[in-house]
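Summary of structural features
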Amino acid sequence: TGVVRSRHNVANANTAGYVKQTATQSAVVTDGRGQGVQIESVLAEIDARVNANIRQQNTALGRSEVLQDYLSSAEELYGTPNSAGSLSELFNSFFSSFSDLANNPSLASLRTTTLNSAVNLTDGISTLASELQELRLEADREIATNVTQINNLLSDLHTINSKIVEFREGTAGFTQLMLLSGW
């Protein structure tokens, strides 16, 4: 009824994503006498531009959040510059050992240190590459999971749409379906 729609509109006024509903009514007349009204349809009052803008902003926000998560993870893998085990520290150690070796090329200990620095750098780069690859694979798995969820939701939506088509607008079954679905 119109009272139910009004109560629904008031109760959900501050609910994110709720759309105001209006019941279209017509008079019921029997033998020239008014018998009341009946609901012909329930209409949702939607501002298409606002909804499009909300969808665009939610998409941008979601993209930014995902990028932030993955870039933060990648940043952790690279490490803070000059901190122990960071890529920059491994490069600095490698170039520093070459500099020391250039000043004293005859010292075997400097040659060993330079060789060890080179091994540490290549191991660090290899580990970083493996961890970045794992991060990429994690992103691929997350995308696959989300695509599966979207496909399932679309399948459910198709089922709901098929059921809606079964009901003719203006019938009791249609009105009941609209009330159940929140429209």
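Our structure's up above, just so we're on the same page.
Residues numbered from 1 in each chain as written. Predicted model: local features only at pLDDT ≥ 70, side-chain atom pairs only at ≥ 80, totals over all residues. Heavy atoms only, no water.

1. Considering unusual backbone geometry
- For aspartate 31, which is not glycine, the phi dihedral falls at a positive 50 degrees.
- Residue aspartate 31 is classed as exposed on the basis of its relative accessible area of 76%. (Buried < 20%, exposed > 50% of the residue type's maximum accessible area, 1.4 Å probe, protein only.)

2. Quick word on helix H2 (residues 48–78)
- Its 31 residues give H2 an end-to-end C-alpha distance of 45 Å, which sits within 8% of 45 Å, the value for a rise of 1.5 Å per residue.
- Note on H2: the residue one or two positions beyond its end, glycine 79, has a positive phi of about 85 degrees. (Helix = DSSP H or I, 4+ residues; strand = E, 2+ residues; numbered from the N terminus. Expected span 1.5 Å × (residues − 1).)

3. Focus on the packing of helix H3 (residues 87–103) against helix H4 (residues 108–166)
- Relative orientation of the contacting elements H3 and H4 amounts to 160 degrees, with a least axis distance of 9 Å. Viewed along their axes, H3 and H4 adopt a mutual orientation that is roughly antiparallel. Our pair here, H3 against H4, has a crossing hand that is left-handed. Contacts between H3 and H4 involve Leu87, Leu90, Phe91, Ser93, Phe94, Ser97, Phe98, Asp100 and Leu101 on the former and, on the latter, Leu110, Arg111, Thr113, Thr114, Ser117, Ala118, Asn120, Leu121, Gly124, Ile125 and Leu128.
- Among the residues making up the contact of H3 with H4, the classes are represented as eleven nonpolar, seven polar and two charged. (Axes fitted to C-alpha atoms, helices over the stretch in contact; angles between N-to-C directions. Parallel < 35°, antiparallel > 145°, perpendicular 65-115°, else oblique. Left-handed = near helix turned anticlockwise from the far one by under 90°. Contact = heavy atoms within 4.5 Å. Nonpolar A, V, L, I, M, F, W, Y, C, P; charged D, E, K, R; others polar.)

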